[in-house]
Amino acid sequence: MSTLPDVFADPEDSQLVADAKKDKPEDHKFSYTERDVILYNLGVGATAKDLQWTYESHEEFAALPTFGVVPQFAASSGISLGWLPNFNPAKLLHGEQYLAIKSPIPTEGNFVNETRLLEVLDKGKAASVTTIVYTKDVATGNVIFENQITVFIRGAGGFGGKRSGRDRGAATAVNSPPKRQPDAVIEEKTSASQAALYRLSGDYNPLHIDPSFAAIGGFDQPILHGLCFMGIAGKHVLQSFGAYKDIKVRFSGVVFPGETLVTEMWKTGSKVIFSTKTKERGTTVLAAAAVTLVDTDTMAKL
């Protein structure tokens with residue numbers, strides 16, 4: 001049974017950051033049923049034709065791997081950042097997400113999330129804050145998921161300490177696509193109601209549903225959740241190359257519900273590097289992205 005340390009101490013941290021890391025968040029419980037699994041799968045584009053993802057009595061019924069971002073969401077988004085100078089939640093951007101699947105995903109469960117501040121960087125005019133969450137099965141104590149969530153807060157820098165992060169393996173890999181044609185490409189048009197559906201998996205930020213709130217953020221219309229189009233791209237990799245044990249993405253652009261996502265994939269050893277763009281605008285929305293395959297011999301099913 002794995003447990004996070006109470007503090008991820010770093011001698012390069014400023015006193016402000018060192019003190020913030022000592023503030024240990026309370027563990028957060030999360031329970032779910034098969035209904036929640038189906039709702040998530042539908043939220044990232046599964047359809048009635050995908051019975052293994054949408055019908056609880058199917059012999060291969062399962063949660064998509066990226067369901068692992070759901071149980072931790074309230075725990076990681078609830079961590080206090082008010083100690084940062086000039087902190088303004090309206091200036092917070094979701095920068096990167098890393099998910100490791102540590103154990104088979106139950107189709108229903110009772111979990112507990114352990115959350116810690118992992119790394120805080122002073123980027124001058126901004127702060128970069130990475131939180132780590134272990135999601136554990138209450139009954140067995142086994143870690144099911146590990147998430148590392150990096151957010152950028154504009155205007156909150158200048159507090160001193162580290163400016164560059166440590167190498168954390170797959171969680172921080174650059175994942176530059178090879179200079180050749182992709183091994184697999186999948187296009188998928190999102191629904192105009194994609195964000196309205198995905199938000200039912202726990203992210204109720206009005207930015208994704210309320211046009212007036214989206215306008216305050218500078219958008220003509222509500223935008224799709226980053227974790228939603230991460231899940232759609234993760235589904236594309238799964239369909240092309242099979243199961244994976246971790247996935248990492250950088251959010252590099254916004255998606256509007258109804259747009260078409262194009263995921264290009266390159267197999268390099270045990271990894272599949274991928275990038276996702278919108279077909280209509282040609283905007284890259286997921287970059288520096290990759291998975292580590294469970295079965296490294298899986299070939300693309302083009």
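Computed from a predicted model, the values in this text were never measured in an experiment.

Colleague: Just checking my understanding: could you explain the pairing of strand S3 (residues 109-122) for this structure?
Modeller: Within a regular strand, the side chains alternate between the two sheet faces. A large share of S3 lies buried, amounting to 13 of its 14 residues. The pairing of strand S1 (residues 28-32) with S3 spans five bridges and is classified as antiparallel. Paired with Ser31 across the strands is Asn110, a residue of S3. Direction of pairing for S3 relative to strand S4 (residues 126-137): antiparallel, over a ladder of eleven bridges. Within S4, the residue paired with Phe111 across the bridge is Asp137. Between the antiparallel neighbours S3 and S4 lie three residues, among them Gly124 with a positive phi of about 90°.

Colleague: Quick question: what am I supposed to make of the sheet that holds strand S9 (residues 271-278) here?
Modeller: Pairing between sheet strands relies on hydrogen bonds along the backbone, with the strands arranged either parallel or antiparallel. Strand order in this open sheet of ten strands is S1-S3-S4-S5-S2-S7-S10-S9-S8-S6, and the pairing throughout is antiparallel. On the outer flanks of this sheet lie S1 and strand S6 (184-189), each paired with one strand and no other. Taken pair by pair, the neighbouring strands of this sheet meet at an average axis angle of 20°, ignoring direction. Strand contacts of helix H7 (residues 226-241): strand S2 (92-101), S6, strand S7 (244-251), strand S8 (260-268), S9 and strand S10 (284-293), with the helix running at about 140° to S7, the strand carrying the most contacts.

Colleague: So what exactly am I meant to see when it comes to the pattern of salt bridges here?
Modeller: Going through the model one piece at a time under the given rule, you end up with 15 salt bridges. One salt bridge connects Glu187 with Lys279, and the closest N-O pair in it is separated by 3.0 Å. A residue pair is termed long-range when its members are at least 10 positions apart, and Glu187 in strand S6 and Lys279 in the loop between S9 and S10 qualify at 92 residues. One continuous salt-bridge network, built from bridges that share partners, spans Asp10, Glu12, Glu119, Lys162, Arg166 and Arg168.

Colleague: Please clarify how the environment of Pro222 should be interpreted in this entry.
Modeller: Assignment of secondary structure puts Pro222 in the loop between helix H6 (211-216) and H7. A relative accessible area of 13% means that Pro222 is categorised as buried. Along the chain, Pro222 and Ile132 lie 90 residues apart, while their C-alpha atoms are 28 Å from each other. When residues no more than four places from it in sequence are discounted, the contact partners of Pro222 are Leu207, His208, Ile209, Asp210, Pro211, Ala214, Phe256 and Pro257.

Colleague: I'm lost on the confidence of the model for the protein chain in this one. Help?
Modeller: It should be kept in mind that the predicted coordinates are not to be read in detail where pLDDT is low. On average, the protein chain scores 95 in pLDDT, and the residues at 70 or more come to 97%. In this model residues 298-302 is a low-confidence stretch, pLDDT under 50, and it forms 13 contacts with partners more than four residues away in sequence or in other chains.

Colleague: Where do I start with the side chain of His208 in this structure?
Modeller: The residue His208 is located in the loop between helix H5 (194-198) and H6 in this model. You can call His208 buried: its relative accessible area is 9%. Engagement of the side chain of His208 in a polar contact is seen with the backbone oxygen of Ile223, the distance being 2.7 Å. His208 has contacts with Ala195, Asp203, Pro222, Ile223, Leu224 and His225, leaving out every residue within four places of it along the chain.

Conventions and cut-offs
- Residues numbered from 1 in each chain as written.
- Predicted model: local features only at pLDDT ≥ 70, side-chain atom pairs only at ≥ 80, totals over all residues.
- Heavy atoms only, no water.
- Buried < 20%, exposed > 50% of the residue type's maximum accessible area, 1.4 Å probe, protein only.
- Helix = DSSP H or I, 4+ residues; strand = E, 2+ residues; numbered from the N terminus.
- Pairing = 2+ DSSP bridges.
- Axes fitted to C-alpha atoms, helices over the stretch in contact; angles between N-to-C directions.
- Contact = heavy atoms within 4.5 Å.
- Salt bridge = Lys/Arg side-chain N within 4 Å of Asp/Glu carboxyl O.
- pLDDT = per-residue confidence, 0-100.
- Polar contact = N/O pair within 3.5 Å; in protein donor to acceptor, adjacent residues only side chain to side chain.

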